[in-house]
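Chains, contacts and geometry: an overview
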Amino acid sequence: METVLPPHQLEFFLKRLLNYILKAHISYDKAFRTIIHKYSFPRWALRIFYKVGYYTINYYYSLRWLSAKNGYGTKPAGIINYFSKIGFSIRRARSLIKDEVKQLSRTKRISLLHSYPEFLVKDLLNHMSEKELDKMLKNLNVRKRWLRINTLKISYEDAYKCLDETGIIYQKKDFPKYMVYVEHPKWDPIGHNKCVKNGFIIPQDLASAYVVEALELEEDKYFLDACSAPGLKYSLAFMLTNNKLYGFAIDLSSKRISIEQTLLKRLGVDSIRTILINADSRNIKLSRVFDYALVDAPCSGLGAVYSDPAVKLNTNRRSKLEQYHKKQYRILKNILRYARRVVYATCSIHPLEGEKVIERIVNEGLAETVKINLPGLSTAYKGFNISNSTYRVLPHTMNSQGFYIAVLESKVAGK
């Protein structure tokens, strides 16, 4: 994309943004807020800064390769100097990459075309065709926005009216009916929109909604959310049962639990029917067996690239995924002791955080998979014993984030 900002000002911003993300391993939005608060930039330029910064981080691996090839090196300063030379144009950078990578290996070519860590591309090619992988990574790079209508506080008719009045252009969804796809605005902050402030409308991805739909909840049952904060899926569970659940929400962070408590109140979740617990789900001991449990486990976020492109930089080695795998396995293994039906989900496109966790659980006799039927849902990656009985929300077929979903019947609940 092209800008009319003074090049030196943009260079200054991008160098600090890139350096900060690489050193601190934080999200794009957090890094952006930190940098603009630390330095004096004109307010009129912030929207441009945000978009150029977003594309810089999203195409970091592509820019780094071009920078090195053209003699600018691989350090952040050199990368941004090279980017400045081509006019801060991602369109031009992508065009150059297409011309340059034709003779490279398949893995390297896909990695550079879509700017993903090479190890990730190599691993995914073991489970899907080059054509499908190309579509998935390309779609994940495209900015999107989904919203959920909160029927605990507003009717569909009034929700559509509120969206219309505030200038949001959207498409309705057949399933789930409460989800809408935003055509405009996709970049502007939406938290101050009156529909969102009042809790009528909630920013939430379609794939996230599918995770809760997979639970197939019934009213007046006991529900455990093992990694609950900030509470979007937990609040949706209450919405789908008309506030008629008995819910226990667990999270390791006391700060996030406090934020969740505030959010649930704003969204109209019945506080009498919910208990929030600050604890570690890897080793928590509970006094009852729940009808349902959700393990939306901590993960790399590699399925949420369009929401946070910094996840590409923060997960540049397989070893990071192996650490997540161990944590995910421990949480799920413990929660299976306390719930009959468990949905395990991660916002990741790598099998270490999905298929390999569940195959391990099933092979150890802790649970068995349950087949479900939701519109548009795809079966899991090929090559696993549980490939045909667990699922993926694929970005290029659902135009959403990428999620892994497994529905399990516990064999050890109450033991």
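Treat the numbers as computed from the prediction; the structure is a model and nothing was measured. (Residues numbered from 1 in each chain as written. Predicted model: local features only at pLDDT ≥ 70, side-chain atom pairs only at ≥ 80, totals over all residues. Heavy atoms only, no water.)

Moving on to the packing of helix α1 (residues 7–24) against helix α5 (residues 76–85). Direction vectors running N to C along α1 and α5 enclose 145 degrees, while the axes themselves pass 9 Å from each other. In this structure, α1 meets α5 at a crossing whose hand is right-handed. On α5, the residues touching P7, E11, L14, K15, L18, N19 and L22 of α1 are P76, A77, I79, I80, N81, F83 and S84. In terms of residue class, the contact of α1 with α5 is made up of 9 nonpolar, 3 polar and 2 charged. (Axes fitted to C-alpha atoms, helices over the stretch in contact; angles between N-to-C directions. Helix = DSSP H or I, 4+ residues; strand = E, 2+ residues; numbered from the N terminus. Left-handed = near helix turned anticlockwise from the far one by under 90°. Contact = heavy atoms within 4.5 Å. Nonpolar A, V, L, I, M, F, W, Y, C, P; charged D, E, K, R; others polar.)

Moving on, we get to the domain arrangement of the protein. Looking at the assigned domains, one finds that the protein contains domain 1 (7–103), domain 2 (145–203) and domain 3 (206–410). For domain 1 and domain 2, the distance between their C-alpha centroids amounts to 32 Å. (Domains from an automatic or database assignment.)

This part covers the packing of α1 against helix α2 (residues 28–38). Taken N-terminus to C-terminus, the directions of α1 and α2 make an angle of 130 degrees; their axes are 10 Å apart at the nearest point. Our classification of the angle between α1 and α2 gives oblique. Both α1 and α2 take part in a crossing whose hand is right-handed. Where α1 approaches α2, its residues F13, R16, L17, Y20 and I21 are matched on the opposing element by Y28, A31, F32, T34, I35 and I36. Of the residues belonging to the contact of α1 with α2, the class tally is 9 nonpolar, 1 polar and 1 charged. (Parallel < 35°, antiparallel > 145°, perpendicular 65-115°, else oblique.)

Attention shifts here to the nonpolar core. For soluble globular proteins, nonpolar side chains are generally found buried alongside one another. Residues F13, L14, L17, Y28 and F223 are the most contacted members of the largest nonpolar core, which totals 96 residues. With residues up to four places along the chain from it excluded, the contact list for L14 reads V52, G53, T56, I80, F83 and F88. Of all hydrophobic cores here, the second largest spans 53 residues; its members include L125, A293, L321 and A367. (Core = buried A, V, L, I, M, F, W, Y, C linked by side-chain atoms within 4.5 Å. Buried < 20%, exposed > 50% of the residue type's maximum accessible area, 1.4 Å probe, protein only.)

Moving on, we get to the state of the cysteines. Per the counting criterion, the structure on display carries 1 disulfide. Here C162 connects covalently by a disulfide to C195, the sulfurs 2.2 Å from one another. Around the S-S axis, the bridge from C162 to C195 shows a dihedral of about -110 degrees and counts as left-handed. Here the residue C162 occupies a position in helix α10 (residues 156–165), and C195 occupies one in helix α11 (residues 194–197), the gap between them amounting to 33 residues. An identical accessibility class is assigned to C162 and C195; each is buried. Summary of cysteine pairing: C227 is not part of a disulfide, and the nearest cysteine sulfur, belonging to C299, is at 10 Å. (Disulfide = S-S within 2.5 Å.)

Next up on the list: the environment of N242. One can find N242 in the loop between α13 (232–240) and β6 (245–251). When the C-alpha positions of N242 and E219 are compared, they lie 7.8 Å apart, and in sequence the two are 23 residues distant. The residues contacting N242, other than those within four sequence positions of it, are L152 and E219.

Before going further, it helps to examine α5. Since there are 3.6 residues in each turn of an α-helix, residues three or four apart along the chain are aligned in direction. Burial within α5 is extensive, with 7 of its 10 residues counted as buried. Here α5 has its buried residues at P76, G78, I79, I80, Y82, F83 and S84. Contact partners of the buried residues in α5: α1, α3 (46–58), α4 (60–69) and α6 (90–100). Where α5 ends, the next residue or the one after it, G87, has phi of about 75 degrees, a positive value.

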